[in-house]
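Here's the letter readout for the chains.
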Amino acid sequence: MAVYPIPPELGIGRFAYFFCYILRELGLAEEPTKQQLRICEWDEVGPDRTVTVGFRGIAKSTISGARALHRLRIDPEGEKILIPGATETKAEEITTFMQRCIREIDLLQCLAPSENQRQSVLAFDVGPAIIGGDGAPSVRACGILSPSLTGKRATMIIPDDIETLSNSITPLKQERLWQATTEFESILLPNQGQALPRQISFRGTPHLETSMYWRLVRERGYKMRMWPARYPKADTLDIYDGCIDPLMVDELMTHPALEGQPTDPERFDESELLKREVGSTKASWQLQYMLNCRLSTLDKFPIRLGDLVAMSLDGRALPEVISWASGAEQRINELPCVGLGADRYYHRPMMVNGWLPKEEKWRSVLAIDPSGRGSDELAWAVVAELNGNLFVLESGGTTRGYEDDVLLLLAKIAKQWEVNAVIPEPNFGDGMFSKILQPVLQRIYPCAIEEAPRSSGQKERRIIDVLAPLVQQHRVVINSELIKKDWEGAEREADHGHPRSLMYQLSRITTDRGSLQFYDRIDALAIAAAHFVEAAAQDQAKAARRRQDERMEANLAAWFDETGSAIDSLALGFIPKGKGAYGGVKR
């Protein structure tokens, strides 16, 4: 098909009009929203290294696909577009949209690849493309962590939503993602007097308080522009470091009543934003809709994973005295830590003194937070107590509710750890869960069922009031095998794995209502900890000395026991002496 120049009214400097044309031709909208138009303008007038940060749903990916098509239509022979996504599948969504546009829009049909050109959604050529010595296709999609990223060549790179919770949850993953982006400068072709500048244009929404997008600004000199879902309060503008859209700031300064109002009411009016806000945690709303990354403070997140003591526990014996320290030699580098900010490491104990078997007066319980089917989990935690320290031996959860297999699993867990009691939360069904669990326990592992006290008040504050003091005083010792199991389970489920994990819930809970998406596993742990709240008042050193004194008294009593003396006299020929001050014997 013959290629004629793009009409001047849709050409260079007219991307906003081109995007409007695309939406109309596809029947998606009559015209872009105000904020979408601002993003289109930023794409053309912004510098060559940009970061476009917008709230979820503002159509960043659609604009990315349209931007790539605009450049290809202006220079179909020389443009080479690279679109990295968080995964290859996510990147394919943009290239699939581009191929649809080429098929259905008359102005773009001249870009359709010929029979002998590449046509895959992962890599395709446009009809007039000139294949250079590097063999780069006109458009290529790939995952950001793909090994095949090295060696590519492009005139424009559009990394689209490459930062997600699953690929950035730990410092190690963040660094791996950061290193992958350094490859872009090697991939980008140099400027050679062409009509369109070489560009790297990141698009995304922050998923973490330590978002990579801010690091691009501070360490590599990228320019950022931000579009939150609501007009921020004037006294909070400093959290955006001058990166919020200038037009939005001007409107806010001119009309202060806009504070808290939707910035894109054509698509996301007040009722729609309220629905999304109710369905999000406060932290995720601030991150993904208000684009506020300044959330990580010690006061706001009272539980730090680095305050836990991590060590291997098999449930057969517990340390009598244990000491926490945060030195470099106590850091456990091999355990992935999902803590916020500087909370990057679990710590092994600095000192362990004495191991006591289960017969030596320590108790353990299986706490259960029952739940029906659906998104909530039935969660459990096995916790033992000794000398005021709590030892978290196991934790888990399932969305299968209270099926027979789940009840059988709980009974086997109780038997495995030889718990003294099972403690379900009573708020579920007025104790019905205890009734359906009891016969299974009697068959597998008969033990007491003691319902926890009925809880009331705000859930977040109740959990924090129980767990935060114990963790901050380093009274909670967690099984390192549990940490590994919790991490591996979270990694297997891309969408909700980490929000369901115990370590994630511990590090993200705040006193704000709705601070977590899921509470089940941390709630089960809080139930177990509350059961031992009185024991937590013990001093482990004093308890160890008291136990040592008791053991010495028992040994002395056995040594001076007259029954033992009589046996000695018969066996060894000693002549028993009457009971005296020492109750001894004489040869």
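What you see is a predicted model; the values in this text were computed from it and never measured.

A. Inspection of the overall build of the chain at higher detail. When helices and strands are tallied, the chain shows 20 helices and 20 strands. Looking at the chain residue by residue over its 587 residues, the buried ones come to 51%. Within the chain, contacts between residues at least 6 apart in sequence are counted, and of these 70% link residues at least 24 apart. Accessible area of the chain: about 27,100 Å², with a carbon and sulfur share of 51%.

B. Region of the structure containing the side chain of K80. By the element assignment, K80 lies in the loop between α3 (60-74) and β2 (81-85). For the buried K80, which has no salt bridge, the nearest side chain bearing the opposite charge is D125, at an N-O separation of 5.4 Å. Only 3.3 Å separates the side chain of K80 from the backbone oxygen of A136, close enough to count as a polar contact. Apart from residues no more than four positions distant in its own chain, K80 is found in contact with I130, I131, A136, P137, S138, R153, A154, T155 and M156.

C. Structural view of the pairing of strand β18 (residues 476-479). Residue alternation in β18 divides its side chains into two sets, V476 and I478 and V477 and N479, and both sets are buried. Where strand β8 (residues 309-311) meets β18, 3 bridges bridge the pair, whose relative direction is parallel. Each bridged residue has a counterpart across the sheet, and for A310 the counterpart in β18 is I478. Where strand β15 (residues 389-398) lies against β18, 3 bridges are found, and the strand directions are parallel. Bridging from a neighbouring strand, L390 pairs with V476 of β18.

D. A look at helix α18 (residues 520-531). Taking 1.5 Å per residue, 12 residues should reach 16 Å; α18 reaches 17 Å between its end C-alpha atoms and fits that length. The set of residues buried in α18 consists of D520, R521, I522, D523, A524, L525, A526, I527, A528 and A529.

E. Layout of the nonpolar core. One finds F18, M98, F202 and Y213 to be the most contacted residues of the largest nonpolar core, which totals 79 residues. The element that contributes the greatest number of residues to this core is helix α1 (residues 15-26), accounting for 7 residues. In contact with Y213, other than residues within four places in its own chain, are V51, V53, D161, I162, E163, F202, R203, G204, T205, P206 and M224. Membership of the second largest hydrophobic core comes to 48 residues, among which are L390, A421, I464 and L467.

F. Geometry of the pairing of strand β14 (residues 378-386). Counting buried residues in β14 gives 9 out of 9 residues, a clear majority hidden from the surface. Where burial is concerned, the two faces of β14 agree: the one with L378, W380, V382, A384 and L386 and the one with A379, A381, V383 and E385 are both buried. Here strand β13 (residues 363-369) pairs with β14 via 7 bridges, running antiparallel. When the sheet's bridge partners are listed, R363 is paired in β14 with E385. As judged from the 9 bridges shared by β14 and β15, these two strands associate in the antiparallel manner. Note that in β15 the partner of A384 across the bridge is F391. Here β14 folds back onto β15, and the loop between the two strands holds 2 residues, one of which, N387, carries a positive phi near 55 degrees.

G. Focus on the packing of α3 against helix α4 (residues 88-104). Two elements in contact, α3 and α4, have axes separated by 9 Å at closest approach and are oriented at 50 degrees. Considered as vectors, α3 and α4 are oriented oblique to each other. In terms of crossing hand, the pair formed by α3 and α4 is right-handed. Contacts from S61, T62, S64, G65, A66, A68, L69 and L72 in α3 reach I94, F97, M98, C101 and I102 in α4. Grouping the constituent residues of the contact of α3 with α4 by class yields 9 nonpolar, 4 polar and no charged.

H. Seen up close, the packing of aromatic side chains. Within this structure, the stated rule accounts for 5 aromatic pairs. Ring geometry for F55 against F268: centres 5.3 Å apart, planes inclined by 85 degrees, an arrangement best described as edge-to-face. In this pair, F55 is assigned in the loop between β1 (49-54) and α3 and F268 in the loop between α9 (246-254) and α10 (270-278), connecting sequence segments 213 residues apart. Given a relative accessible area of 4%, F268 falls into the buried group. Their ring planes at 80 degrees and their centres at 5.5 Å tell us that F202 and Y222 sit as a pair that is edge-to-face. With F202 in strand β6 (residues 199-204) and Y222 in the loop between α8 (212-220) and β7 (223-227), this pair connects stretches of sequence that are 20 residues apart. Summarising the burial analysis for this pair, F202 and Y222 share the class buried. Positioned above the aromatic ring of F15, the side-chain terminus of R67 is 5.4 Å from the ring centre.

I. Spatial organisation of the packing of α1 against helix α2 (residues 34-45). The contact between α1 and α2 brings their axes to 8 Å, and the two run at 135 degrees. As far as their axial angle goes, α2 and α1 are oblique. Read as a crossing pair, α1 and α2 show a hand that is right-handed. Between α1, through F15, A16, F19 and L23, and α2, the contact on the second element is made entirely by Q36, L37, C40, D43 and E44. When the residues that make up the contact of α1 with α2 are grouped by side-chain class, the tally is 6 nonpolar, 1 polar and 2 charged.

J. Main features of unusual backbone geometry. Here the phi dihedral of D161 falls at roughly 50 degrees; this positive angle occurs in a residue that is not glycine. Tracing the chain through its elements places D161 in the loop between β5 (156-157) and α5 (165-168). We classify D161 as partly exposed; its relative accessible area is 23%.

K. Structural detail: helix α13 (residues 432-444). At Q438, α13 shows its largest kink, close to 30 degrees, and the proline P439 lies no more than four residues downstream. Residues of α13 that are buried: F433, S434, L437, V440 and L441. Close packing links the buried residues of α13 with β13, β14, α12 (404-417), β16 (421-424) and β17 (448-449).

L. Examining the confidence of the model for the chain more closely. The predicted model of the chain has a mean per-residue pLDDT of 86, with 88% of residues at 70 or higher. When the criterion is pLDDT under 50, residues 577-587 qualifies, and its contacts beyond four places in sequence or with other chains add up to 12 contacts.

M. Geometry of the sheet that holds β2. The strand order β3-β4-β2-β5-β6-β1-β7 describes an open sheet built from 7 strands, whose pairing is mixed. Of all the strands in the sheet, the pair left with one neighbour each is β3 (123-124) and β7. Where β2 and strand β4 (residues 139-143) come together, 5 bridges link them in parallel fashion. Its bridge partner being in β4, I83 is matched across the sheet by A141.

N. Representation of the pattern of salt bridges within the structure. One pass over the full model with this rule turns up 30 salt bridges. A salt bridge links E30 to R24; the nearest nitrogen and oxygen atoms lie 3.6 Å apart. Since its relative accessible area comes to 45%, R24 is described here as partly exposed. A salt bridge links K484 to E481, with the shortest nitrogen-to-oxygen separation between them at 3.6 Å.

What counts and what doesn't
- Residues numbered from 1 in each chain as written.
- Predicted model: local features only at pLDDT ≥ 70, side-chain atom pairs only at ≥ 80, totals over all residues.
- Heavy atoms only, no water.
- Helix = DSSP H or I, 4+ residues; strand = E, 2+ residues; numbered from the N terminus.
- Buried < 20%, exposed > 50% of the residue type's maximum accessible area, 1.4 Å probe, protein only.
- Contact = heavy atoms within 4.5 Å.
- Areas by Shrake-Rupley, 256 points an atom, 1.4 Å probe, with all protein chains shown as cover.
- Lys, Arg positive; Asp, Glu negative; His and termini not counted.
- Salt bridge = Lys/Arg side-chain N within 4 Å of Asp/Glu carboxyl O.
- Polar contact = N/O pair within 3.5 Å; in protein donor to acceptor, adjacent residues only side chain to side chain.
- Pairing = 2+ DSSP bridges.
- Expected span 1.5 Å × (residues − 1).
- Core = buried A, V, L, I, M, F, W, Y, C linked by side-chain atoms within 4.5 Å.
- Axes fitted to C-alpha atoms, helices over the stretch in contact; angles between N-to-C directions.
- Parallel < 35°, antiparallel > 145°, perpendicular 65-115°, else oblique.
- Left-handed = near helix turned anticlockwise from the far one by under 90°.
- Nonpolar A, V, L, I, M, F, W, Y, C, P; charged D, E, K, R; others polar.
- Phe/Tyr/Trp six-rings, centres within 6.5 Å; stacked < 30°, edge-to-face > 60°.
- Lys NZ or Arg CZ within 6 Å of the ring centre and 35° of its normal.
- Bend = angle between axes of the 7 residues up to and from the residue.
- pLDDT = per-residue confidence, 0-100.

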